[in-house]
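Structural characterization, general
Listed below are the residues making up each chain.
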Amino acid sequence: MNIPITYLIIGFTCLVSIPAFSNERMINNMVFFPARMKDGKEIHRFFSHGLIHADYTHLIFNMLTLYFFGPYIEYILGQVLFVVLYVTALAASSLFDFFKHKDNYYYRSLGASGAVSAVLFVTIINNPWAREICLFGVLCLPNLVFGLAYVIYSTYMDKRGGDNVAHNAHLWGGVYGFVFAAVTRPDLLKGFLEMLMNPSF
């Protein structure tokens, strides 16, 4: 019986994140820090920041989301594509903030939210009308509606600022996940367009 790659990613992320909570040097070496990366140095930060989190709440929220949706998306894409999606999404979701903050020595971010958003948004292209995402455990929205609301919310929160959350990573991670699935699995895109034209609630 094959263990889902999702569980291995969750386990490894927890093994790195938990010790990092009390290890400032570890955080400093792994956090996303555009000003330290702009000259082509310390590029590992594009990926390492996804292995560390601000606190247990941050870690648990991301890993629970990955736990519920990861195996499902892994089954749809296959294990190889799933790993490629998750790893590349860490970097892709951070590119906007890299260029935006490359001269800002005060900007740093951490967490796997961009990659988790990429996984989450594959559910949209797989079935836009399925109600797989529930808010507060009761409000279950069609995947497409949730995705649109998520994009609007992330854009608004990024413009407002002030909460120290990398909302751009959430937004671009989601967009990247959708595009990745569309490019690597054209059949999913074809199915998405067909379902889009024939809504089923």
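Figured I'd write up the structure that's included with this text. This is a predicted model, so every value here is computed, not measured. (Residues numbered from 1 in each chain as written. Predicted model: local features only at pLDDT ≥ 70, side-chain atom pairs only at ≥ 80, totals over all residues. Heavy atoms only, no water.)

Moving on, we get to the nonpolar core. Ranked by internal contacts, the top residues of the largest apolar core, which has 36 residues, are M63, L66, I73, L85, Y86, V119 and I125. Of all the elements in the fold, those that place two or more residues in this core are α1 (5–20), α5 (56–77), α6 (79–92), α8 (113–126), α9 (143–160), α10 (167–184) and α11 (186–197). At nine residues, α8 tops the list of elements feeding residues into this core. (Core = buried A, V, L, I, M, F, W, Y, C linked by side-chain atoms within 4.5 Å. Buried < 20%, exposed > 50% of the residue type's maximum accessible area, 1.4 Å probe, protein only. Helix = DSSP H or I, 4+ residues; strand = E, 2+ residues; numbered from the N terminus.)

Inspection of the secondary structure puts P128 in the loop between α8 and β1 (133–135). Between the C-alpha atom of P128 and that of C14, which follows or precedes it by 114 residues, the distance is 31 Å. Residue contacts for P128: discarding those within four places in its chain leaves P142, N143, L144, F192, M195 and L196. (Contact = heavy atoms within 4.5 Å.)

The subject of this paragraph is the side chain of T65. Locating T65 in the fold gives a position in helix α5. Its relative accessible area of 16% is what places T65 among the buried residues. With residues up to four places along the chain from it excluded, the contact list for T65 reads G70, V116 and L120.

Phi is mostly negative for residues that are not glycine, and the peptide bonds are mostly trans. In this structure, E42 takes a positive phi of about 55° despite not being glycine. In this structure, E42 sits in the loop between α3 (34–37) and α4 (45–48). According to the relative accessible area criterion, E42 is partly exposed, its value standing at 25%.

Applying the stated rule across the entire model yields nine aromatic pairs. Seen from their ring centres, F178 and F192 are 5.1 Å apart, and the 80° between their planes marks the pair as edge-to-face. Of this pair, F178 sits in helix α10 while F192 sits in helix α11, and the two are 14 residues apart along the sequence. (Phe/Tyr/Trp six-rings, centres within 6.5 Å; stacked < 30°, edge-to-face > 60°.)

What is shown is where atoms sit, not what they do.
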